[in-house]
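Coordinate inspection notes
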Amino acid sequence: MRIARIAHPEGMTFAVLEGGQPDGTGATCREIAGHPFGQPEFTGKSWPIEDVRLLAPILPSKIVAVGRNYADHVAEVFKQGAEHLPPTIFLKPPTAVVGPEAPIRIPEWATRVEFEGELAIVIGRPCKDVNRANWKDVVLGFTIVNDVSSRDLQFADGQWARAKGLDSFCPLGPWIETNVDGFPIDNLPIKAHLTHDGETETKQDSNSNQMIKHIPEIVEWVSSAFTLLPGDVICTGSPAGTAPMVPGDRIAVEIPGLGTLANPVEEYRK
């Protein structure tokens, strides 16, 4: 089941996407009452996806991100081997979240901003100290996240809160896939396509099978540190291929089954 959060002529709501193509084209958005956790209760209202705007599919209380979870990305960014820099955990604030097609806004003092296309986990119920064998019990589903990062701030500050937490630095979407049992989490292609000066180039082209810590271990590890609430998001780490983006660019992150999360890049103006 694909759960989205949409803006429609009557307001905003959660909806189940039915039918259509793998990229969502032609789907029908069936409104559900209340929150998306548990068995959905349909209201009887529906809209073609072309008549609504997809929003960030969830508004998390926190975004817990795993850094340095792909060895090639560690070498690319930190110029060291992953054996010397193991995976780490950091937080992004909920105010960084934006939805599909919402602009990533870069302030003039962030001088080297890069995209990081990643698979994200959405938590489905309150949990703490989850055993990795039981990770599916607490997960609502999966979506795409772009862990936008200002490298200049990341290395100047010595910690990552500002570099990765600026407003609009956490695009999320376009929907949540809730088929936790059937989703091929250990063999998911992850691609990011950057459009610059009218030309599109595939920058990231990797697979979730390259993760150092895999999803069961990630859920166990993160939940040992934090109580996770319904709607919280865990970012599972970025593969190599990240690159700078500037105002006027467009970045699209693509994962089969989860669609494409695309956002324009703009200059932030006060």
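Along each chain, the written sequence defines residue order, and numbers are assigned to residues from 1. Where totals are concerned, whole chains, interfaces and linings use all residues; where local detail is concerned, this predicted model gives features only for residues with pLDDT of at least 70, and gives and counts side-chain atom pairs only at 80 or more. With hydrogens and water stripped out, all remaining heavy atoms of the structure feed into the side-chain values.

This is how it is decided: UniProt positions are given in the numbering used here, feature names are shortened, and annotations may be inferred rather than shown by experiment.
In the nomenclature of an unreviewed UniProt entry, the chain is known as Ureidoglycolate lyase of Corynebacterium urogenitale. Under the Sequence similarities (unreviewed entry) heading, UniProt states for the chain: "Belongs to the FAH family."

1. Quick word on the UniProt feature "domain: Rv2993c-like N-terminal" (unreviewed entry) in the chain
Applied cut-off: The secondary structure listing takes helices from DSSP runs of H or I that are at least 4 residues long and strands from runs of E that are at least 2 residues long, numbered from the N terminus.
The UniProt entry lists residues 1-57 under the feature "domain: Rv2993c-like N-terminal" (unreviewed entry), expressed in the numbering used here. Secondary structure within residues 1-57 divides into 0% helix and 51% strand; the distance between the first and last C-alpha atoms comes to 13 Å.

2. What to know about the pattern of salt bridges
We count it as follows: A pairing counts as a salt bridge when a side-chain nitrogen of Lys or Arg comes within 4 Å of a carboxyl oxygen of Asp or Glu.
Applying the stated criterion across every chain yields a total of 18 salt bridges. Close ionic contact of Glu114 with Arg112 constitutes a salt bridge, the shortest N to O distance being 3.0 Å. The salt bridge involving Lys128 is made with Asp129; its shortest N-O contact spans 3.2 Å.

3. Notes on the packing of aromatic side chains
Each aromatic ring pair is summarised here by two numbers: the centre-to-centre distance and the angle between the ring planes. Spelled out, the test is: Aromatic rings from Phe, Tyr and Trp, with only the six-membered ring used for Trp, were paired whenever their centres fell within 6.5 Å, and each pair was classed as stacked if the ring planes differed by under 30 degrees, edge-to-face if by over 60, and tilted otherwise. A ring has a charge above it when a Lys NZ or an Arg CZ is no more than 6 Å from the ring centre and no more than 35 degrees off the ring normal.
Evaluation of the coordinates by the stated rule reveals 3 aromatic pairs. Members of the aromatic cluster, joined through ring pairs, are Trp135, Phe142 and Phe183. If you follow Arg30 out to its NZ or CZ, it ends over the ring of Phe42, 3.7 Å from the centre.

4. Quick look at the pairing of strand S3 (residues 28-32)
What counts is decided by this rule: A pair of strands counts as paired when DSSP detects no fewer than two bridges linking them.
Here 4 bridges tie strand S2 (residues 11-18) to S3, and the two strands are oriented antiparallel to one another. Paired with Glu18 across the strands is Thr28, a residue of S3. When S3 meets strand S4 (residues 42-48), the two strands line up antiparallel, connected through 4 bridges. Residue Cys29 lies in a different strand from S4, and its bridge partner there is Trp47.

5. Quick look at the side chain of Thr178
Heads up, the condition is: Between two residues, a contact is recorded if the distance between any of their heavy atoms is within 4.5 Å.
By secondary structure assignment, the location of Thr178 is in the loop between strand S14 (170-177) and strand S15 (189-196). Not counting residues within four places of it along the chain, the set of residues in contact with Thr178 comprises Met1, Ile3, Leu140 and Gly141.

6. Brief notes about helix H4 (residues 215-225)
To keep things clear, this is the line we draw: Only protein chains enter the calculation, and the probe is 1.4 Å; a residue is then buried if its accessible area is under 20% of its type maximum, exposed if over 50%, and partly exposed in between. The arc refers to the directions leading from the helix axis to the C-beta atoms.
Here H4 has its buried residues at Ile215, Ile218, Val219, Val222 and Ser223. Projected down its long axis, H4 carries its buried residues within an arc of 115°, all on one side. Buried positions along H4 lie against strand S6 (63-67), strand S7 (88-92), strand S11 (117-123), strand S12 (139-146) and strand S17 (233-235).

7. Regarding the sheet that holds strand S18 (residues 250-255)
The pairing of strands in a sheet happens through backbone hydrogen bonds and is either parallel or antiparallel. The condition that has to hold: Only the stretch in contact is used when a helix axis is fitted, and all axes are lines through C-alpha atoms; the angle between N-to-C directions ranges over 0 to 180 degrees.
With mixed pairing, the 5 strands of this open sheet are ordered in space as S9-S19-S18-S15-S16. Every other strand in the sheet has two partners, leaving strand S9 (104-106) and strand S16 (199-207) as the edge strands with one partner each. Mean inter-strand twist for the sheet, computed between neighbouring axes without regard to direction, equals 20°. As judged from the 3 bridges shared by S9 and strand S19 (residues 259-267), these two strands associate in the parallel manner. Within S19, the residue paired with Ile106 across the bridge is Glu267.

8. Here's the deal with empty space enclosed by the protein
In this approach, a probe sized like a water molecule rolls over the atoms, and the result shows the empty space that is left. Put simply, the rule reads: In this analysis a 1.4 Å probe is tested at points of a 1 Å grid over the protein atoms alone, and where it fits but cannot get out there is a cavity; an open set with protein on both sides within 12 Å along at least five of seven lines is a pocket; lining residues have an atom within 4 Å of a point. Grid points are joined across faces, edges and corners, and a volume is the space filled by probe spheres set on the points. Three categories are distinguished: nonpolar for Ala, Val, Leu, Ile, Met, Phe, Trp, Tyr, Cys and Pro, charged for Asp, Glu, Lys and Arg, and polar for the others, with Gly belonging to the last.
The tally for this structure, following the rule as stated, stands at 1 cavity of 30 Å³ or more. There is about 80 Å³ of room inside the largest cavity. Counting residues per element, the ones that place at least two in the lining of the largest cavity are S6, helix H1 (71-78) and helix H2 (151-157). Counting residues per element, the lining of the largest cavity draws most heavily on H1, which supplies 3 residues. Residues belonging to the lining of the largest cavity are distributed by class as follows: 5 nonpolar, 5 polar and 6 charged.

9. Quick look at the environment of Ile49
Along the polypeptide, Ile49 turns up in the loop between S4 and strand S5 (53-54). A C-alpha to C-alpha distance of 8.1 Å links Ile49 and Leu17, two positions 32 residues apart in sequence. Ignoring sequence-local partners within four residues, the contact set of Ile49 consists of Leu17, Gly24, Gly26, Ala27, Cys29 and Leu54.

10. Quick word on the environment of Gly117
Note on placement: Gly117 falls in strand S11. When the C-alpha positions of Gly117 and Glu254 are compared, they lie 8.0 Å apart, and in sequence the two are 137 residues distant. With sequence-adjacent residues up to four places away left out, Gly117 is seen in contact with Val145, Asn146, Ile190, Gln204, Gly237, Ser238, Pro239 and Val253.

11. Focus: unusual backbone geometry
With omega at 5°, the peptide bond leading from Gly173 into Pro174 counts as cis. With phi around 80°, Ser168 is a residue other than glycine that occupies positive phi space. Inspection of the secondary structure puts Ser168 in the loop between helix H3 (161-165) and S14. Residue Asp197 is not a glycine yet carries a positive backbone phi of 55°. Its place among the elements puts Asp197 in the loop between S15 and S16.

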